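Examination of the molecular architecture
In case you want the letters, here they are:
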Amino acid sequence: MSSAQHEPPANSTAEDATGPISGAESPVPATDSADPGLPVIADLVDPADVPLPEGLPTAPQPGTAALPFEPPRTLRYKVRRNLLENRWLRVALVVIAFAACGAAILNMVHTQTGTAGFVVGVALAVLPVPLVLGAYHWLDRVEPKPARLLLFCFGWGACAATLVAILANDWATSLLISHQVGGGETLGASLVAPLVEESSKAAPLLLIFLFRRRDFTGIVDGAVYAGFTATGFAFTENILYIGRSVMDGSNDGGTGIAATVMTFVMREVMSPFAHPLFTSMTAVGFGLAAISRKRWQRICAPIAGWIFAMLMHGTWNSAPVLGPLGFFGVYFLFMMPVFALMVWLVIWSRGNELRVVGKQLAVYVAAGWIARPVPLVLASMRTRKQARALARFQGGPAADKAMREYQGFATSLALLRERVARGLAVQDFAEREQELLHHLWERKEAVEPVFNRVGEQEWYRTHPPLATAWAGPPAPGFGYPYPQRPGYGPGYGPYPQRPGYGPYPHTQPPGYGQAFVPQQQTPPQYGGRPPYGGQPYAPRAYAPQQAYPQQPYPYAHQQPVAPSPVQPSPAQASPAQANPASEQPPAES
């Protein structure tokens, strides 16, 4: 656009030139004729008119990284960040909050159970914790979660969630009893406790889902976080219940041991996975939301899982009211099938993640970043373990560490690309992909021989060589059970003999009417008579073996040669037979 188009006409007034308000600047600045897109600023400084102070270096040209001076070794000016952006400060705040909650909950539990009950409760409540955490650690082997997140979940369940649940349950139960509501304790355990406890246990899942989304990629991740949270919650709650049973039994005199044993069996032997099972319902909802592209699914799935968790929790808490028969009916007909279904779901989800890893890594094989056997090896937990064992055997702990890190980075890369393939938004995908490729490339030479060895073995295991056409099912002993000629016992038969010679000195190949007989084994006698007339033959000079005609064979590979009693014709005789004189030694002169 030219400048003439912006100039006012000659007969225009000052209002037309300056705008509707006299003395006001025009809202549209005038543009430079050289560059219509840049406004002309009256106060813009021309760099050519400003003299440079003495000692001020000139900026380098664009595209050059070298500075005209040496960079400083010590920094006096640093970036001022927000207070909450400091990582160590956030960690300190979380630790302090958990410590305060833990001190408060321990004080409350000690007050309600006494010293003896508290000690016995801690000693018994800690027993199932390694078992449950070990099961979830086994489930988390495909893409191990950060240890700090797992500790956060366990600390939240053992300290924060338990404190909130105890305070809320006591307040709700007292409120129901004060209003003279019949069965206030039963209603509190069946309605209030599931709502409060499942909400408090679902809080860390929500926080990780919102603020650490890259570490929450599916159902398996949610189940692991829920398991650690619920295990910490059950640990503190078991201390409270077992301690109360010890204190109540000591006051009754003599019945404390029986009550403590019953509480221990009910809570830690029959239902150590009860709280993890309830919270896993919420975890499944968050896991489905993590892999869903539709907004309504990402909102409704966690809510549906949370509601189902509360229903299961309320059903379990209401089971003792139904009596022994009703309790065991709920346990075996409802809780156990749901638990088995949840175990199948998480194991299937882990297997699906392994299949996804094998599928998505094929792209990087084609690009040359990883070796060809890597997708095959990383698609199975068995071959992953074999690769680590072989690396440890060949290179020691350093090679084992490199293999473990390589497997983790490759799995993260495959799952990252899977999210992109599903159409999910991944923040900084290119940077994260390049970072993972960098880690894999650094360790490629150290782990590639191991992947080649394990991948070759796995390929031959899944693609066994085809059996030969003549091979049959093996039988114990030597050879195969081939059909025998009539008139002889099973396993042996006479060989065709040449006139004047004894039994044929070589074993006959299987497949022509006789079974395999080792050379050193003597054939059995038939009818009580010595074999072949029982007459030993005198040793004679060895005569060259004649060639025998080939028999028709229905298969493509070469037919084994079998001896025949039929003498060959002169046309079929070998050169040695055609000219026996050629085999005579030269006469002595």
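Higher on the page you've got the structure.
Each value, and the rule that gives it
- Along each chain, numbering runs from 1 in the same order as the chain's sequence is written.
- In keeping with the predicted nature of the model, local features appear solely for residues at pLDDT of at least 70, side-chain atom pairs appear and are counted solely at 80 or more, and the whole-chain, interface and lining totals rest on all residues.
- Excluded from the side-chain calculations are hydrogens and water; all other atoms, namely the structure's heavy atoms, are used.
- Counting from the N terminus, the helices are DSSP H or I runs at least four residues long and the strands are E runs at least two residues long.
- For this analysis, residues touch if any pair of their heavy atoms sits within 4.5 Å.
- To estimate how far a helix should extend, the number of its residues minus one is multiplied by 1.5 Å.
- Bend angle per residue: angle between axes fitted to the 7 residues ending at that residue and the 7 residues starting there.
- Method remark: on a 1 Å grid restricted to protein atoms, a set of points is classed as a cavity if a 1.4 Å probe fits but cannot get out and as a pocket if it is open with protein on both sides within 12 Å along at least five of seven lines; lining residues have an atom within 4 Å of a point.
- Grid points are joined across faces, edges and corners, and a volume is the space filled by probe spheres set on the points.
- Each residue gets one label: Ala, Val, Leu, Ile, Met, Phe, Trp, Tyr, Cys and Pro are nonpolar, Asp, Glu, Lys and Arg are charged, and the others, such as Gly, are polar.
- Note on aromatic contacts: the rings of Phe and Tyr and the six-membered ring of Trp form a pair at centre separations within 6.5 Å, being stacked when their planes are under 30 degrees apart, edge-to-face when over 60 apart, and tilted otherwise.

Some remarks on the side chain of Thr-279
By the secondary structure assignment, Thr-279 is in helix 8 (residues 274-290). Not counting the four nearest positions on each side in its chain, Thr-279 is found in contact with Glu-198, Lys-201, Leu-205, Ala-226 and Ala-230.

Description of helix 10 (residues 323-360)
One full turn of an α-helix is made of 3.6 residues, so residues set three or four places apart face in the same direction. In this model helix 10 runs 53 Å from its N-terminal to its C-terminal C-alpha over 38 residues, within 8% of the 56 Å that 1.5 Å per residue would give. Met-335 marks the point of greatest bend in helix 10, at about 30 degrees, and the proline Pro-337 comes within the next four residues.

Comments concerning the layout of surface pockets
Approximately 1,100 Å³ is the volume attributed to the largest pocket. Taken together, 41 residues line the largest pocket, and the ones lying closest to its centre are Ala-189, Glu-237, Tyr-241, Arg-267 and Asn-317. Going through the elements one at a time, helix 3 (128-139), helix 4 (147-178), helix 5 (184-211), helix 6 (219-252), helix 7 (256-269), helix 8 and helix 9 (295-318) are the ones with two or more residues in the lining of the largest pocket. Counting residues per element, the lining of the largest pocket draws most heavily on helix 6, at ten residues. A breakdown of the residues in the lining of the largest pocket according to their chemical character gives 24 nonpolar, eleven polar and six charged. Residue lining of the second largest pocket: 17 residues in total, with Arg-90, Val-91, Val-94, Leu-149 and Phe-152 positioned closest to the centre. Elements that contribute at least two residues to the lining of the second largest pocket include exactly helix 2 (87-125), helix 4 and helix 5. Per-element tally for the lining of the second largest pocket: the top contributor is helix 2, with seven residues.

Re the packing of aromatic side chains
Here the distance between the centres and the angle between the planes together describe a pair of aromatic rings. This model, assessed by the stated rule, comprises 18 aromatic pairs. Ring centres 5.5 Å apart and planes at 45 degrees place the aromatic pair Phe-273 and Phe-339 in the tilted group. Placement of the pair is Phe-273 in the loop between helix 7 and helix 8 and Phe-339 in helix 10, with a sequence separation of 66 residues. The interplanar angle of 15 degrees and the centroid separation of 6.5 Å between the aromatic rings of Phe-327 and Tyr-331 together place this pair among those described as stacked.

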